[in-house]
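Descriptive analysis of the structure
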Amino acid sequence: MDSTKYTLADFLNKGDEGIDKLCRKFYEYYEDTYRLKHLNYKRVSTSGSGPVIKVIDPWTKQEKEMIYFASNDYLNLTKHPRTIEAGINAIKKYGTGAGSVPLLGGTLDLHTELEKKIAKFKGCESAIIFTNGFGSNAGAVSALLGEGGVAILDMLVHASVIDGCKGKNVEFFRHNNMDSLEKVLKKVKDKYRTKIVIVDGVYSMDGDIAHLDKIVELAHAYGALVMVDEAHATGVIGKNGRGTPEHFNIEGKVDIVAGTFSKAVGVVGGFIASTKEIITYLSFYARSYMFSTAQTPQSTASIIEALNVIEEEPELREKLWDNIRYFKSGLLRIGVDIGNSETAIFPIIIGDDLKVKNMCRDLHDAGIYVNPVLYPAVSRRLSRIRISLMATHEKEHLDRALNVIEDLAKKYSIIKDRI
Ligand code: PMP
């Protein structure tokens, strides 16, 4: 295989037939492009997020209703009347954009209100907000590591953290494995001044929770800081939805709390919460903050209201957890492999790309919207279907999905253990 013969541009210009031909014999990157093309992975919705959405079927080109199990909008706050109204009012008052980067005239009173609110919600002294969670992680990690630091990463940590570590010293430990973490901590103990253990609170492809209590204890014993990415935890876990530190009763003990406003909060944006010193440092050294225009007024206002809803309407989270328990027991009864899922994210681990793709297509045809997760998002032997639940799913939606999954689990022989 001569991988030097074609550039990506050549490859993309070959047209459908060329892509098919080239992809089949080409190296990995191209193979993946080929697979994605045939998956019709980018299905277009005409309704936006909700338990049932309208989608343009990529195969028939017709609009159709589907039960939506692919959203991170866990509390369905994207459609909450309070978050919508707050956004509308803000756009009327402030206009459509912030107009500049935060340090050069783009900071609105709404931004500082949100920074204070998220800091308090996360039990931290101070916070800054970014226009997206990818940027807050990548920018903060890169700035915090500086020249001589080392990042100690759970091997399943999100891509945004990995990107922040580019050009930096990095060590990995086995997923949620404390022996492996300790081994790495011992190895780097005297080698670097700044050591930061970085984990996700809830893992986006597996739905399991970091052993954050143990991680903090171990890291601090070896002089390392801990950063947790609360993207999928905020609004979902902890009695009040404050996330993984609340879940483990260790609020105030995690050095850097990161997160997004794009999942259960239902808007878009990212944040870093920490000590005043670290936040001041990041406001000058996190390039994705310093050099990027501030959050839109309507997003910021909707986020503030979404955090109010999370605090004031716990019944939404309770409904989500009812759904999680119900669906999990259904999947366990069917006997598919859901790994160590503990939250609203359920993998059905299949480990066979073709079965994953075919099963997703069958689910699509049955009106169930889920996503395939293939290499490189996960390792090939763990390729899977990813299902995520919302508070606004009704039992009939869950039952319909469970019935279809049960039939397909038999069709594709993926039943592992029935309980
Ligand atoms: N962290 C995790 C764990 C995520 O899953 C994501 C989004 N997929 C991000 C960060 C990035 O967040 P955003 O989509 O808000 O940029």
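Data block above holds the structure.
A brief structural summary. (Residues numbered from 1 in each chain as written. Predicted model: local features only at pLDDT ≥ 70, side-chain atom pairs only at ≥ 80, totals over all residues.)

Time to look at the sheet that holds strand S10 (residues 270-274). Taken in spatial order, the seven strands make up an open sheet running S4-S10-S9-S8-S7-S5-S6, and their pairing is mixed. The outermost strands of the open sheet, each flanked by one partner alone, are strand S4 (126-130) and strand S6 (169-173). When strand polarity is set aside, the average angle formed by the axes of neighbouring strands in this sheet is 20 degrees. Lying over the sheet, helix H5 (residues 109-121) contacts S4 and S10, oriented at roughly 125 degrees with respect to S4. Running at roughly 155 degrees to strand S8 (residues 225-229), helix H9 (residues 212-221) makes contact with strand S7 (195-200) and S8 of the sheet. (Pairing = 2+ DSSP bridges. Helix = DSSP H or I, 4+ residues; strand = E, 2+ residues; numbered from the N terminus. Axes fitted to C-alpha atoms, helices over the stretch in contact; angles between N-to-C directions. Contact = placed C-beta atoms within 7 Å.)

Within the sequence span of H9, burial applies to Leu 212, Ile 215, Val 216 and Ala 219. Down the axis of H9, the buried side of the element spans an arc of 100 degrees, and every buried residue falls inside it. (Buried ≥ 20, exposed ≤ 12 C-beta atoms within 10 Å, placed from the backbone. Arc of directions from axis to C-beta.)

Let us look at the environment of Glu 313. Here Glu 313 shows up in the loop between helix H13 (297-312) and helix H14 (314-334). Taking the number of C-beta atoms within 10 Å as the measure of exposure, Glu 313 has 17 and is therefore partly exposed. As a C-alpha pair, Glu 313 and Lys 253 span 60 residues in sequence and 27 Å in three-dimensional space.

We now examine the packing of helix H8 (residues 178-188) against H9. In contact at an axis separation of 10 Å, H8 and H9 are set at 20 degrees when each is read in the N-to-C sense. Taken as axis vectors, H8 and H9 run roughly parallel relative to one another. In this structure, H8 meets H9 at a crossing whose hand is right-handed. Contacts between H8 and H9 involve Met 178, Leu 181, Glu 182 and Leu 185 from the first element and Lys 214, Ile 215, Leu 218 and Ala 219 from the second. Here the contact of H8 with H9 is built from residues that sort into six nonpolar, no polar and two charged. (Parallel < 35°, antiparallel > 145°, perpendicular 65-115°, else oblique. Left-handed = near helix turned anticlockwise from the far one by under 90°. Nonpolar A, V, L, I, M, F, W, Y, C, P; charged D, E, K, R; others polar.)

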